[in-house]
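# Structural overview for review
Each chain, written out:
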Amino acid sequence: MKYKYSVVSGHMNTDGRYTKRPIVEVELSGGNQKRKFLALIDSGADQIHMPAAIAEIFGIEREKCRPWTSIGISMERTSGFVGQLTFQIQHQAEAFEAPVIFIDTNVPVLLGREGFFDKYRIRFEQDHDTFEITPVSKR
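Let me sum up the structure you'll find in this document. (Residues numbered from 1 in each chain as written. Predicted model: local features only at pLDDT ≥ 70, side-chain atom pairs only at ≥ 80, totals over all residues. Heavy atoms only, no water.)

## Looking at the side chain of Gln92
- Relative to the elements of secondary structure, Gln92 occurs in the loop between β8 (77-89) and β9 (96-103).
- Here Gln92 falls in the buried class, since its relative accessible area comes to 10%.
- In this structure the side chain of Gln92 is engaged in a polar contact, spanning 3.2 Å, whose partner is the backbone oxygen of Ile133.
- Every residue in contact with Gln92, bar those within four places of it in the chain, is listed here: Met1, Tyr3, Tyr120, Ile133 and Pro135. (Helix = DSSP H or I, 4+ residues; strand = E, 2+ residues; numbered from the N terminus. Buried < 20%, exposed > 50% of the residue type's maximum accessible area, 1.4 Å probe, protein only. Polar contact = N/O pair within 3.5 Å; in protein donor to acceptor, adjacent residues only side chain to side chain. Contact = heavy atoms within 4.5 Å.)

Following this line, the structure appears as structure tokens:
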């Protein structure tokens, strides 16, 4: 399925054009809760990351989760914890479960490689203003 890149409000490229990013709607579920979020597909992220506030929505308790330390582009360590959620990507047939690193910073929902790229083939076509998400065939 092909998707269009999304304009990021208030962000400009160095050439003065609006910044566009590969963003997709995802429905997250855990426990008896379901919520929709916009998520950035991030091939530079090792894992799926989300703000810790999202864990609270789904009743995921930090104290009962395995601690985790992430290192981002700034090379600074950020403490977090590992939880599990179910994902339903917009226009994709099957839902999947994946580990999530919840961190105490205001990051967007980042769909990183572990848990997402191993379930879908992602093809970025920025020159055509599109990206494609295709389920990986099960072996």
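From this point on, the discussion continues.
## Overview of the pattern of salt bridges
- For the structure shown, the criterion picks out ten salt bridges.
- For the salt bridge of Lys4 with Asp129, the shortest nitrogen-to-oxygen distance reads 3.5 Å. Placement of Lys4 in strand β1 (residues 2-4) and of Asp129 in the loop between β11 (120-125) and β12 (130-135) is noted, with a sequence separation of 125 residues between them.
- Looking at Asp129, the relative accessible area reads 18%, which means it is buried.
- Its salt-bridge partner being Arg123, residue Glu125 comes within 2.8 Å of it at the nearest N-O pair.
- Taken together, the shared-partner salt bridges connect Lys2, Arg123, Glu125 and Glu132 into one network. (Salt bridge = Lys/Arg side-chain N within 4 Å of Asp/Glu carboxyl O.)

## Section: the nonpolar core
- Core analysis: the largest hydrophobic core is formed by 31 residues, its most contacted members being Met50, Phe87, Ile89, Phe102, Phe116 and Ile133.
- Going through the elements one at a time, β4 (23-30), β5 (33-41), α1 (52-57), β8, β9, β10 (109-111), β11 and β12 are the ones with two or more residues in this core.
- Once you skip the residues sitting within four places of it in the chain, Phe102 turns out to touch Met50, Pro51, Ala52, Ile54, Ala55, Ile60, Ser79, Gly80, Phe81, Gly83 and Leu85. (Core = buried A, V, L, I, M, F, W, Y, C linked by side-chain atoms within 4.5 Å.)

## Examining the packing of aromatic side chains
- Taken as a whole and assessed by the stated rule, the structure comprises eight aromatic pairs.
- Judged by centre distance (5.6 Å) and plane angle (90 degrees), the ring pair of Tyr5 and Phe131 falls under edge-to-face. Taken together, the positions of Tyr5 in the loop between β1 and β2 (6-12) and Phe131 in strand β12 put the pair 126 residues apart, joining distant regions of the chain. Across this residue pair, the class does not change: Tyr5 and Phe131 are buried. (Phe/Tyr/Trp six-rings, centres within 6.5 Å; stacked < 30°, edge-to-face > 60°.)

## Quick word on the pairing of β2
- Note that β2 and strand β3 (residues 18-21) share three bridges and pair antiparallel. Counterpart to Met12 in the pairing with β3 is Tyr18.
- Where β2 folds back onto β3 in an antiparallel hairpin, the turn is made up of five residues, including Gly16, whose phi is positive at roughly 90 degrees. (Pairing = 2+ DSSP bridges.)

## Some details on the sheet that holds β11
- Taken in spatial order, the three strands make up an open sheet running β1-β12-β11, and their pairing is antiparallel. Pairing within the sheet leaves two strands with one partner each, and these edge strands are β1 and β11. In this sheet, adjacent strand axes meet at a mean angle of 25 degrees when their direction is disregarded.
- Where β1 and β12 come together, three bridges link them in antiparallel fashion. Residue pairing for β12: Lys2 is matched across the bridge by Glu132. (Axes fitted to C-alpha atoms, helices over the stretch in contact; angles between N-to-C directions.)

## Considering unusual backbone geometry
- With phi around 70 degrees, His91 is a residue other than glycine that occupies positive phi space.
- Looking at where His91 falls in the secondary structure, it is placed in the loop between β8 and β9.
- On the accessibility criterion, His91 (53% relative accessible area) is exposed.
- In this model, Asp129 sits at a positive phi of 65 degrees, which is unusual for a non-glycine residue.

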